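# Structural characterization, general
Here are the chains, one letter per residue:
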Amino acid sequence: MFPPSADRLRTHGAQRIRYGYYTAVVAYLGSWVVVARAYRPDTRLLPIAVAVGILGLVALRAAATRLGIVGGGLATDPTSDDGRDPDTRRALAAFGWLAGLVSAGIVVGFVPGILVVVTAFVARYDRPRRAAVVGPTTAAAVYVLFVLLLELPPYDPVVARLLGGGFGG
Amino acid sequence: MGSPAGIHLTVLLVDLAQFETAAATAFGTVFSPIGLALVVGATLLGVTVGSIPGLGGPVALSLLIPVTFELDPRLAFLVLAATLGGVNFGGSITAVLLNTPGTAPNAATTFDGFPLATQGRGAEAIAASAIASGAGALLGLSLFVLLLPILTPIALAFWSPEYFWLAVVGIATIAVASDGSVIDDLIAGGVGIALTFHGVSTVTGGIRYTAGFQYLQSGVPLVPVIIGLFAIAQMVELFATDTTVADGGSIAGDRLRGVKATLVRWPMVIGSGVLGWAIGVIPGVGGTVANFVAYLQVKERADDPDSFGEGNIAGVIASEAANDAKDGGSLVPTLALGIPGSASTAVLLSAFLLHGLTPGPLLLSEGLDVVFVVLLALVCSNVLTSAVGLVGSPVFAKVTRVPPSILLPVVFGLAVIGAFAVRGRAADVALMAGFGLLGYAMRRLDVSRIALVIGLVLGGLVEENFHRSLQISGGEYGIFVSRPLSIVMIVVSVAVLAIPLRRAYRGALSE
């Protein structure tokens with residue numbers, strides 16, 4: 001399905017994600033066991049039991065992969081192949097835009113932030129003319145549904161707080 | 001809350017005249033011009049809110065409670081019930097088209113709904129979902145009316161140890177029902193449970209695992225997690241692959257094929273509906289696991305189990321029929337006992353209290369007209385959503401051809417505002433972004449994100465019932481294996497977890 005080099009790269013990328021994922025899981029739950037020592041026995045009982053159980057499953061998973069046990073879906077091949085080849089740079093760019101949208105929402109308010117970022121994104125990756133329609137339409141729909149109809153909880157963005165007044169949303 | 005015998009008597013002794021008066025009042029309310037207008041408006045609002053990634057019944061109802069507070073209680077519950085009916089179907093639209101369940105109870109629909117959408121059969125899947133949902137809901141509500149007096153004692157038969165085991169059954173079912181590695185999915189479910197341990201301990205009331213962040217004291221909120229894991233991760237993947245949801249073929253698929261597929265499988269609709277309803281009767285847990293259990297039993301009994309997860313329409317039909325039927329089941333503990341049967345009915349329960357109505361045996365005698373309004377509004381909204389699904393499916397399916405350069409920023413925008421809307425906390429939006437990253441990694445690794453969400457939903461119940469059981473037994477662990485119903489739950493858990501081994505054995509035999 002993919003040229004050999006791309007396939008190898010993809011497998012390599014998936015392996016890195018897998019190692020990163022399980023390292024994070026082990027670090028997260030391993031730290032629990034350490035932190036839990038400060039808690040009362042009944043408070044820490046179940047968290048430690050769950051953490052130890054999961055760590056045991058991670059060890060079982062590692063063993064299943066090493067021994068090549070993949071029967072019945074107990075453990076599957078490390079690289080899933082759905083026929084689509086994700087571009088890591090584009091994925092990172094998408095997360096960059098998400099970070100920009102979250103930051104814009106916190107700084108200037110969520111409705112203005114959505115207006116600015118959606119318009120800029122569509123202008124960058126699609127056509128500027130479409131951006132002029134999609135950005136304001138999305139912001140207007142969000143305003144009508146969330147602010148007018150569903151009475152969104154008020155939020156004063158950083159800019160409003162700096163200017164000494166609130167303009168919500 | 002009354003005893004089972006008391007409930008029996010209350011239900012059975014509601015005199016016929018009172019029954020007729022209440023029914024007439026409810027009919028008059030729902031089928032008045034204002035009533036019908038409110039049903040249509042609330043249903044459409046429900047479909048809209050339900051189709052926004054991450055939002056669902058609990059969010060829609062909690063946001064509507066202040067709006068309906070000033071209304072007459074009958075009209076208020078008409079609006080709330082019709083919204084609930086609409087939300088369920090709205091959630092299945094995003095589950096099919098964007099691989100993003102509106103709420104956890106829509107999650108099993110993604111297994112086959114999204115693969116169908118990627119094959120250009122989105123409208124077919126939505127049409128099948130609309131018919132199965134409507135049929136399931138009507139079946140569930142009929143069973144509610146018919147079996148209420150008989151089944152309330154069964155809901156009360158579940159004690160803390162059984163609730164604990166039921167949550168274990170739920171997570172095991174989801175790990176096995178999902179594609180990919182069962183061990184990976186069990187780990188994901190465990191991580192979901194672990195996330196519920198942040199914040200206030202249900203045992204001691206002390207604060208734990210907050211790492212000094214005040215934000216974590218109230219625990220990890222569900223809605224931002226769902227939005228991040230599903231909506232954000234799915235959009236990033238679409239953008240990274242630079243493809244639309246549906247690559248080729250017809251844009252809409254064949255609506256009539258979806259309808260026919262559902263009608264031909266009527267025994268499956270009834271079977272899944274009854275199963276979903278029965279699980280929905282169990283307070284607290286049932287709503288979340290009903291669709292998975294129905295999906296798994298249809299998959300395991302099918303001649304071609306391997307086609308499930310690849311775009312088998314039966315997977316959509318089974319999970320949607322069960323999902324909508326469970327609402328009729330969850331009304332049993334909610335209205336008859338005052339114990340919420342699902343997250344949505346928990347919010348509905350609080351709405352009853354705000355209107356001065358106490359759910360429980362007394363509601364069935366003193367507030368019977370409101371109970372009938374809820375039932376009629378649910379019936380009307382489910383019929384309406386089926387019609388909306390059939391007529392609108394080609395329009396909805398167009399989403400599958402919107403290029404990621406437009407779909408991603410729009411969904412990101414809705415996701416950000418949706419994550420913020422529930423609690424009004426900007427930190428929830430940042431949390432959603434973090435779970436978006438995790439969701440993308442899990443998607444790439446074929447690890448079930450649904451298992452993590454179900455763990456997060458059931459984790460609180462696991463811990464609460466674990467400790468309550470130990471309190472009841474005075475610290476004796478034997479309580480978890482001493483009651484017959486607990487044994488049944490354990491056997492079911494083991495049987496579910498043995499399914500992959502059985503598959504492997506069958507595979508080895510066939511080779």
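Please refer to the structure placed before this passage.
## Quick notes on the overall build of chain B
Along its length, chain B carries 21 helices and 2 strands. In chain B, which comprises 511 residues, the share counted as buried stands at 65%.

## Description of the nonpolar core
Residues Ile317(B), Ala377(B) and Val416(B) are the most contacted members of the largest nonpolar core, which totals 211 residues. Structurally, this core is a two-domain feature, drawing no fewer than three residues from each of domain 1 (4-73) and domain 2 (88-163) of chain A.

## What about the interface of chain B and chain A?
Of the residues lining the interface, 61 residues belong to chain B; the matching set on chain A comes to 62 residues. If you list the elements that add at least two residues to the side of chain B that touches chain A, you get α4 (57-68), α9 (182-195), α10 (222-241), α18 (404-423), α19 (426-445), α20 (449-473) and α21 (484-510) of chain B. The element best represented in the side of chain B that touches chain A is α18(B), accounting for 12 residues. Its residues placed into classes, the side of chain B that touches chain A shows 39 nonpolar, 14 polar and 8 charged.

## Section: the packing of helix α5 (residues 128-149) of chain A against α18(B)
Close contact between α5(A) and α18(B) brings their axes to 11 Å; oriented N to C, the two are set at 20 degrees. Between α5(A) and α18(B), the angle is such that the two are roughly parallel. In terms of crossing hand, the pair formed by α5(A) and α18(B) is right-handed. Side by side, α5(A) and α18(B) meet where Arg130(A), Val134(A), Thr138(A), Val142(A) and Phe146(A) of the first sit next to Ile406(B), Val410(B), Gly413(B), Leu414(B), Ile417(B) and Ala421(B) of the second. Classifying every residue of the contact of α5(A) with α18(B) gives 8 nonpolar, 2 polar and 1 charged.

## Focus: unusual backbone geometry
Residue and element names in this part refer to chain B. Phi angles above zero are rare outside glycine, and Tyr209 is one such case at about 50 degrees. Along the chain, Tyr209 falls in the loop between β2 (207-208) and α10. For Ala211, which is not glycine, the phi torsion reads 50 degrees and is therefore positive. Mapped onto the elements of the fold, Ala211 is located in the loop between β2 and α10.

## Quick notes on helix α3 (residues 88-108) of chain A
An ideal rise of 1.5 Å per residue puts 30 Å on 21 residues; α3(A) measures up with 30 Å between its terminal C-alpha atoms. Just downstream of α3(A) lies Gly109(A), where phi reads positive at about 110 degrees.

Calculation notes
Position numbers for residues count from 1 along each chain, tracking the sequence in the order it is written. The order in which chains are written sets their letters, starting at A; the order in which ligands are written sets their numbers, starting at 1. Note on the predicted model: pLDDT of at least 70 is required for a residue's local features to be given, and 80 or more for side-chain atom pairs to be given and counted; whole-chain, interface and lining totals, by contrast, use all residues. Strands are runs of DSSP state E lasting at least 2 residues, helices are runs of H or I lasting at least 4, and numbering of each runs from the N terminus. The exposure scheme places C-beta atoms from the backbone and then counts, for each residue, the other C-beta atoms within 10 Å of its own, assigning buried at 20 or more, exposed at 12 or fewer, and partly exposed in between. Buried Ala, Val, Leu, Ile, Met, Phe, Trp, Tyr and Cys residues whose C-beta atoms connect them within 7 Å together make up a nonpolar core. Each domain's extent was defined by an automatic or database domain assignment. Contact between two residues is assigned whenever their backbone-derived C-beta positions fall within 7 Å. Polar here means any residue other than Ala, Val, Leu, Ile, Met, Phe, Trp, Tyr, Cys and Pro, which are nonpolar, and Asp, Glu, Lys and Arg, which are charged; Gly is therefore polar. An axis is simply a line fitted to the C-alpha atoms; with a helix, the fit covers only the stretch in contact. Between two such axes, the angle follows the N-to-C directions and lies from 0 to 180 degrees. Comment on the angle field: the value is read as roughly parallel under 35 degrees, roughly antiparallel over 145, roughly perpendicular from 65 to 115, and oblique elsewhere. Helix crossings get a hand from a simple test, with the near helix turned counterclockwise from the far one by less than a right angle marking a left-handed crossing and a clockwise turn marking a right-handed one. Expected helix span is computed as 1.5 Å times (number of residues minus one).

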